[in-house]
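Working through the structure, step by step
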Amino acid sequence: MNYYIVTFDRQPDVAYGPFHTAFVEHPSIKKWWHYIKSSYLIGADLSASELSDHFTNTAKKLNIKTNHLVVAVDLTKRQGMLPKDAWQWFKKNA
């Protein structure tokens, strides 16, 4: 499984619930983390290009901006200030 961070321009007046549901329900997305509003950590059997295409197609269907960035990540190399639940997710999935 590959891990990626997907970060995007979140529009202030848009409800992202429908986007979130459609985005994470892709059958190749096995794990996801969304503790920061405009970012996802995704564990998937997809390439960065395939995940980017999925983001774009999902956003277009819901009339949301498609600006985003997908970057492969190593979950063992991390640091920051997050809630305890977030760090537990890292510990479980790294």
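This one's a predicted model, so the numbers in the text were calculated from it and none came from an experiment.

Thoughts on the overall build of the protein
Within the protein one finds three helices and four strands. N-terminal to C-terminal, the α/β element order of the protein is β-α-β-β-α-β-α. Taking 94 residues into account, the globule formula puts the C-alpha radius of gyration at 12 Å, and the protein, at 13 Å, falls close to it. Summarising its shape, the C-alpha atoms of the protein cover approximately 35 × 25 × 20 Å along the three principal directions. The proportion of buried residues among the 94 residues of the protein is 35%. Pairs at least 24 apart in sequence give 60% of the contacts found in the protein among residues at least 6 apart. Only carbon and sulfur atoms are counted for the fraction: they give 51% of the accessible area of the protein, which is about 5,900 Å².

Remarks on unusual backbone geometry
If you check the backbone angles, Asn63 has positive phi at about 60 degrees while not being a glycine. Within the secondary structure, Asn63 sits in the loop between α2 (48-61) and β4 (68-72). Given the relative accessible area of 70%, Asn63 is considered exposed.

Things to note about the pattern of salt bridges
Enumeration over the complete set of coordinates arrives at one salt bridge. Put simply, Lys30 and Asp45 hold a salt bridge, and the shortest N to O gap is 4.0 Å. Taken together, the residues Lys30 in strand β2 (residues 29-33) and Asp45 in the loop between β3 (39-44) and α2 connect sequence positions 15 residues apart.

What counts and how
Residues numbered from 1 in each chain as written. Predicted model: local features only at pLDDT ≥ 70, side-chain atom pairs only at ≥ 80, totals over all residues. Heavy atoms only, no water. Helix = DSSP H or I, 4+ residues; strand = E, 2+ residues; numbered from the N terminus. Rg over C-alpha atoms; globule rule 2.2 N^0.38 Å. Buried < 20%, exposed > 50% of the residue type's maximum accessible area, 1.4 Å probe, protein only. Contact = heavy atoms within 4.5 Å. Areas by Shrake-Rupley, 256 points an atom, 1.4 Å probe, with all protein chains shown as cover. Salt bridge = Lys/Arg side-chain N within 4 Å of Asp/Glu carboxyl O.

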